[in-house]
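Coordinates in review
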Amino acid sequence: MKIGITADHAGFEKKGELKELLDKAGYAYEDFGAFSYDSQDDYSDIIVPLAEAIAKGSIEKGIAICGSGVGVSIAANKFPGVRATLITETYSAHQGVEHDNMNLICLGGRVIGTALIWEVTEAFLKAKFQDEERFKRRLDKVVEIERKNFKEQINNKN
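What counts and what doesn't
- Residues numbered from 1 in each chain as written.
- Predicted model: local features only at pLDDT ≥ 70, side-chain atom pairs only at ≥ 80, totals over all residues.
- Heavy atoms only, no water.
- pLDDT = per-residue confidence, 0-100.
- Contact = heavy atoms within 4.5 Å.
- Pairing = 2+ DSSP bridges.
- Helix = DSSP H or I, 4+ residues; strand = E, 2+ residues; numbered from the N terminus.
- Axes fitted to C-alpha atoms, helices over the stretch in contact; angles between N-to-C directions.
- Buried < 20%, exposed > 50% of the residue type's maximum accessible area, 1.4 Å probe, protein only.
- Right-handed = clockwise from strand over helix to strand, strands pointing away.
- Parallel < 35°, antiparallel > 145°, perpendicular 65-115°, else oblique.
- Left-handed = near helix turned anticlockwise from the far one by under 90°.

Residues of the protein with pLDDT of at least 70 account for 95%, and the chain-wide mean is 93. Below a pLDDT of 50 lies the segment residues 153-158, which in the model reaches 16 contacts outside its immediate sequence neighbourhood of four places, other chains included.

Printed below as a string of structure tokens:
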């Protein structure tokens, strides 16, 4: 599985801690930045490279961290094929993948601690989309909404 990770200044410290935990657990990932702390960076800029990679299919699952998780979630969902959600607990972290094929979790570095970030991340990374008719039907409707509203062809990689 190809994993991507990114954070702005408000999530920078938590991203470093999460990378250490990913390394210990043997996960391979690509860091999309920020690569140094910059108190003036913006979540809307930092999410772009990861969201583009998910939209293109070169990254399967992404993790984005900003202060609350809200900003990166809003910005990431502006990209076709990105299904990003603010996550604060483990049930939604796996259920969002299993039922909705969520491919990007957004976390609040100023809201939840490292232990919970790790639990949420593991639940997200271990989850698989349940290939049942009802979930596929619902996801197809979401893809159709994207096609209509983005007004471009989207490669359906469900």
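Moving on, there is more to tell.
Let us now look at the sheet that holds strand E3 (residues 61-66). Reading across from one edge, E2-E1-E3-E5-E4 is the order of the five strands in this open sheet, with parallel pairing throughout. Lying at the two open borders of the sheet, with one neighbouring strand each, are strand E2 (29-31) and strand E4 (84-86). On average, each strand axis in the sheet is inclined to that of its neighbour by 20°, with strand direction left out of account. Two strands pair when backbone bridges link them, and strand E1 (residues 3-7) and E2 are joined in this way by three bridges, in the parallel orientation. Bridging across to E2, Gly4 finds its partner in Glu30. Packed onto the sheet, helix H6 (residues 114-126) meets E1, E3 and strand E5 (104-108) and runs at close to 175° relative to E5.

So, on to the pairing of E1. For E1, the buried fraction is high: five of the five residues fall into the buried class. Going residue by residue along E1, you find Ile3, Ile5 and Ala7 tucked away on one face and Gly4 and Thr6 tucked away on the opposite face as well. For the handedness criterion, the β-α-β arrangement of E1, helix H1 (residues 12-25) and E2 is classed as right-handed. Sheet topology places E1 next to E3; five bridges connect them, and they run parallel. The residue bridging Thr6 from the neighbouring strand is Ala64, located in E3.

The next point concerns the packing of H1 against H6. Between H1 and H6, the least distance of the axes is 10 Å, while the angle of their chain directions is 50°. One way to sum up the angle between H1 and H6 is to call them oblique. The interaxial crossing formed by H1 with H6 has right-handed handedness. The residues of H6 that touch H1, namely those facing Lys14, Glu17, Leu18, Leu21, Leu22 and Ala25, are Thr114, Ile117, Trp118, Thr121 and Leu125.

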